[in-house]
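# Understanding the architecture of this molecule
The primary structure of each chain is shown beneath.
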Amino acid sequence: MSVDIGGRKPGGRPTREQAAAIDARILDGARAVFCRKGVVNSGLEEIAAELGVSKHTLYRRYPNKAALLEAVVGRDVGRFREALLTAAVGEEEEGALGALRRAAFRYVEIGSSRDYAAFYLSVSAEAAVSAALRERLASWSRDALEPLVGFVATAQGSGELRAGDPISVCGILIDLLEGVNNRLRLADDAAADAPSPLRLFDERWTVFTAAFGGS
(Lines give C-alpha, C1' and ligand atoms only; values in the text may rest on other atoms or scores of the structure.)
Protein backbone atom coordinates (compact mmCIF):
# COMPACT_ATOMS: atom_id res chain seq x y z
CA MET A 1 0.00 0.00 0.00
CA SER A 2 1.30 3.47 -0.87
CA VAL A 3 2.04 5.89 1.92
CA ASP A 4 2.83 9.56 2.10
CA ILE A 5 6.50 10.41 2.29
CA GLY A 6 8.27 13.14 4.20
CA GLY A 7 8.24 11.85 7.76
CA ARG A 8 5.07 13.60 8.93
CA LYS A 9 2.32 12.11 11.05
CA PRO A 10 -0.80 10.81 9.28
CA GLY A 11 -3.26 13.64 8.78
CA GLY A 12 -0.70 16.30 9.71
CA ARG A 13 0.57 19.08 7.48
CA PRO A 14 4.19 18.75 6.41
CA THR A 15 6.63 21.50 7.30
CA ARG A 16 8.07 23.61 4.51
CA GLU A 17 11.25 21.53 4.58
CA GLN A 18 9.30 18.27 4.45
CA ALA A 19 7.18 19.56 1.57
CA ALA A 20 10.34 20.53 -0.34
CA ALA A 21 11.81 17.08 0.30
CA ILE A 22 8.63 15.43 -0.98
CA ASP A 23 8.67 17.58 -4.11
CA ALA A 24 12.32 16.78 -4.76
CA ARG A 25 11.76 13.05 -4.35
CA ILE A 26 8.74 13.12 -6.64
CA LEU A 27 10.65 14.99 -9.36
CA ASP A 28 13.67 12.69 -9.01
CA GLY A 29 11.47 9.60 -9.24
CA ALA A 30 9.41 10.92 -12.14
CA ARG A 31 12.55 11.81 -14.06
CA ALA A 32 13.88 8.29 -13.57
CA VAL A 33 10.63 6.71 -14.77
CA PHE A 34 10.37 9.04 -17.78
CA CYS A 35 13.97 8.23 -18.64
CA ARG A 36 13.52 4.47 -18.33
CA LYS A 37 10.12 4.07 -19.99
CA GLY A 38 9.66 7.23 -22.01
CA VAL A 39 7.07 9.91 -21.43
CA VAL A 40 4.31 8.22 -23.44
CA ASN A 41 4.65 4.92 -21.58
CA SER A 42 4.75 6.46 -18.10
CA GLY A 43 1.68 7.15 -15.98
CA LEU A 44 1.14 9.10 -12.78
CA GLU A 45 -0.17 6.06 -10.92
CA GLU A 46 2.90 4.06 -11.92
CA ILE A 47 5.20 6.86 -10.77
CA ALA A 48 3.33 7.09 -7.47
CA ALA A 49 3.61 3.34 -6.94
CA GLU A 50 7.33 3.30 -7.71
CA LEU A 51 7.96 6.09 -5.23
CA GLY A 52 5.78 4.56 -2.53
CA VAL A 53 3.81 7.79 -2.37
CA SER A 54 0.03 7.94 -2.33
CA LYS A 55 -1.73 8.91 -5.54
CA HIS A 56 -3.30 11.80 -3.66
CA THR A 57 0.11 13.20 -2.76
CA LEU A 58 1.08 13.17 -6.43
CA TYR A 59 -2.20 14.48 -7.83
CA ARG A 60 -2.34 17.32 -5.30
CA ARG A 61 0.87 18.65 -6.78
CA TYR A 62 0.58 17.64 -10.44
CA PRO A 63 -2.91 17.17 -11.91
CA ASN A 64 -1.61 15.41 -15.01
CA LYS A 65 1.50 14.00 -16.63
CA ALA A 66 2.17 17.14 -18.67
CA ALA A 67 2.32 19.23 -15.49
CA LEU A 68 4.71 16.73 -13.89
CA LEU A 69 6.98 16.68 -16.96
CA GLU A 70 6.93 20.48 -17.00
CA ALA A 71 8.08 20.54 -13.38
CA VAL A 72 10.82 17.96 -13.98
CA VAL A 73 12.22 19.81 -16.98
CA GLY A 74 11.73 23.22 -15.38
CA ARG A 75 13.92 22.19 -12.47
CA ASP A 76 16.57 20.85 -14.85
CA VAL A 77 16.52 24.04 -16.92
CA GLY A 78 16.93 26.18 -13.82
CA ARG A 79 19.89 24.12 -12.65
CA PHE A 80 21.41 24.14 -16.14
CA ARG A 81 21.16 27.92 -16.47
CA GLU A 82 22.67 28.44 -13.03
CA ALA A 83 25.55 26.10 -13.89
CA LEU A 84 26.34 28.06 -17.07
CA LEU A 85 26.18 31.39 -15.27
CA THR A 86 28.38 30.15 -12.43
CA ALA A 87 30.93 28.64 -14.82
CA ALA A 88 31.25 31.92 -16.72
CA VAL A 89 32.54 33.79 -13.68
CA GLY A 90 36.28 34.29 -13.92
CA GLU A 91 39.04 36.85 -14.05
CA GLU A 92 38.00 40.16 -15.57
CA GLU A 93 41.04 40.30 -17.84
CA GLU A 94 39.92 37.09 -19.55
CA GLY A 95 37.17 39.09 -21.17
CA ALA A 96 33.77 38.19 -22.53
CA LEU A 97 35.16 35.48 -24.80
CA GLY A 98 36.73 33.78 -21.79
CA ALA A 99 33.35 33.78 -20.04
CA LEU A 100 31.71 32.26 -23.10
CA ARG A 101 34.40 29.58 -23.32
CA ARG A 102 33.97 28.56 -19.68
CA ALA A 103 30.19 28.39 -20.04
CA ALA A 104 30.52 26.41 -23.27
CA PHE A 105 32.78 23.85 -21.62
CA ARG A 106 30.31 23.53 -18.75
CA TYR A 107 27.67 22.81 -21.37
CA VAL A 108 29.81 19.88 -22.51
CA GLU A 109 30.39 18.62 -18.98
CA ILE A 110 26.64 18.50 -18.35
CA GLY A 111 25.48 17.47 -21.82
CA SER A 112 27.91 14.56 -22.16
CA SER A 113 26.56 12.96 -18.98
CA ARG A 114 24.82 9.70 -19.87
CA ASP A 115 22.08 10.37 -17.33
CA TYR A 116 21.38 13.76 -18.92
CA ALA A 117 21.50 12.27 -22.41
CA ALA A 118 19.22 9.34 -21.59
CA PHE A 119 16.45 11.64 -20.38
CA TYR A 120 16.61 14.35 -23.01
CA LEU A 121 17.22 12.04 -25.95
CA SER A 122 14.11 10.09 -24.91
CA VAL A 123 12.10 13.31 -24.72
CA SER A 124 13.49 14.41 -28.10
CA ALA A 125 12.55 11.09 -29.68
CA GLU A 126 8.95 11.46 -28.55
CA ALA A 127 8.90 15.12 -29.59
CA ALA A 128 9.54 13.96 -33.15
CA VAL A 129 6.01 12.54 -33.27
CA SER A 130 4.28 15.01 -30.94
CA ALA A 131 3.81 18.60 -32.10
CA ALA A 132 2.87 19.74 -28.59
CA LEU A 133 5.95 18.17 -27.01
CA ARG A 134 8.10 19.50 -29.85
CA GLU A 135 6.87 23.02 -29.10
CA ARG A 136 7.61 22.64 -25.40
CA LEU A 137 11.05 21.18 -26.10
CA ALA A 138 11.91 24.17 -28.28
CA SER A 139 10.80 26.54 -25.51
CA TRP A 140 12.79 24.64 -22.86
CA SER A 141 15.85 24.74 -25.11
CA ARG A 142 15.55 28.51 -25.64
CA ASP A 143 15.31 29.07 -21.89
CA ALA A 144 18.27 26.78 -21.15
CA LEU A 145 20.52 28.39 -23.76
CA GLU A 146 19.63 32.00 -22.96
CA PRO A 147 22.81 32.51 -20.86
CA LEU A 148 25.00 31.30 -23.72
CA VAL A 149 23.22 33.61 -26.17
CA GLY A 150 23.86 36.45 -23.75
CA PHE A 151 27.55 35.61 -23.49
CA VAL A 152 27.80 35.53 -27.30
CA ALA A 153 26.13 38.96 -27.53
CA THR A 154 28.48 40.39 -24.89
CA ALA A 155 31.53 39.04 -26.72
CA GLN A 156 30.22 40.57 -29.94
CA GLY A 157 29.70 43.90 -28.19
CA SER A 158 33.30 43.89 -26.95
CA GLY A 159 34.62 43.06 -30.42
CA GLU A 160 35.90 39.62 -29.38
CA LEU A 161 33.43 37.97 -31.75
CA ARG A 162 32.34 39.46 -35.05
CA ALA A 163 28.86 40.89 -35.37
CA GLY A 164 25.90 38.71 -36.26
CA ASP A 165 22.67 37.33 -34.89
CA PRO A 166 23.74 36.01 -31.45
CA ILE A 167 21.06 33.31 -31.50
CA SER A 168 22.33 31.97 -34.84
CA VAL A 169 25.96 32.17 -33.73
CA CYS A 170 25.10 30.38 -30.49
CA GLY A 171 23.26 27.73 -32.49
CA ILE A 172 26.41 26.99 -34.51
CA LEU A 173 28.43 26.77 -31.30
CA ILE A 174 25.88 24.32 -29.87
CA ASP A 175 26.11 22.19 -33.02
CA LEU A 176 29.87 21.95 -32.49
CA LEU A 177 29.50 21.17 -28.80
CA GLU A 178 26.91 18.48 -29.44
CA GLY A 179 29.50 16.76 -31.62
CA VAL A 180 31.71 16.57 -28.53
CA ASN A 181 28.83 15.33 -26.40
CA ASN A 182 27.97 12.54 -28.83
CA ARG A 183 31.58 11.35 -28.93
CA LEU A 184 31.81 11.30 -25.15
CA ARG A 185 28.43 9.63 -24.57
CA LEU A 186 29.40 6.73 -26.82
CA ALA A 187 33.00 6.39 -25.67
CA ASP A 188 34.37 3.48 -23.69
CA ASP A 189 35.56 5.22 -20.54
CA ALA A 190 37.90 2.35 -19.68
CA ALA A 191 39.65 2.32 -23.06
CA ALA A 192 43.24 3.49 -23.18
CA ASP A 193 42.38 5.83 -26.04
CA ALA A 194 39.23 7.25 -24.45
CA PRO A 195 38.76 10.80 -25.74
CA SER A 196 39.61 13.72 -23.50
CA PRO A 197 36.63 16.06 -23.03
CA LEU A 198 38.90 19.10 -22.91
CA ARG A 199 40.80 18.08 -26.05
CA LEU A 200 37.61 17.49 -28.01
CA PHE A 201 36.19 20.77 -26.73
CA ASP A 202 39.33 22.74 -27.60
CA GLU A 203 39.27 21.38 -31.16
CA ARG A 204 35.70 22.63 -31.67
CA TRP A 205 36.37 25.88 -29.85
CA THR A 206 39.26 26.57 -32.25
CA VAL A 207 36.93 26.04 -35.20
CA PHE A 208 34.33 28.34 -33.66
CA THR A 209 36.75 31.18 -32.89
CA ALA A 210 38.37 30.86 -36.33
CA ALA A 211 34.96 31.34 -37.93
CA PHE A 212 33.58 34.03 -35.64
CA GLY A 213 36.55 35.65 -33.94
CA GLY A 214 36.64 39.43 -33.90
CA SER A 215 39.11 41.47 -35.84
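The structure under discussion appears in the preceding block.
To start, this report covers the structure provided alongside it. Here the structure is a predicted model, which means the values were calculated and not measured.

## Remarks on the overall build of the chain
- Across its full length, the chain holds nine helices and zero strands.
- Secondary structure of the chain in N-to-C order comes out as α-α-α-α-α-α-α-α-α.
- Split into buried and exposed, the 215 residues of the chain put 39% on the buried side.
- Put simply, the chain shows about 11700 Å² of open surface, and 56% of that area lies on carbon and sulfur atoms.
- When the 27 basic and 29 acidic side-chain charges of the chain are each reduced to a single mean position, those positions are 8 Å apart.

## Re the nonpolar core
- Counting residues in each nonpolar core, the largest one holds 59 residues, and the members touching the most others are F34, L68, L100 and L148.
- If you list the elements that add at least two residues to this core, you get α1 (16–37), α2 (44–51), α4 (65–88), α5 (95–111), α6 (114–127), α7 (131–157), α8 (166–185) and α9 (197–212).
- Residue contributions to this core peak at ten residues, all from α5.
- Here F34 is in contact with V39, S42, I47, K65, L68, L69, V72, F119 and S122, once residues within four sequence places are set aside.

Rules used throughout
Residues numbered from 1 in each chain as written. Predicted model: local features only at pLDDT ≥ 70, side-chain atom pairs only at ≥ 80, totals over all residues. Heavy atoms only, no water. Helix = DSSP H or I, 4+ residues; strand = E, 2+ residues; numbered from the N terminus. Buried < 20%, exposed > 50% of the residue type's maximum accessible area, 1.4 Å probe, protein only. Areas by Shrake-Rupley, 256 points an atom, 1.4 Å probe, with all protein chains shown as cover. Lys, Arg positive; Asp, Glu negative; His and termini not counted. Charge placed at Lys NZ, Arg CZ, Asp CG, Glu CD. Core = buried A, V, L, I, M, F, W, Y, C linked by side-chain atoms within 4.5 Å. Contact = heavy atoms within 4.5 Å.

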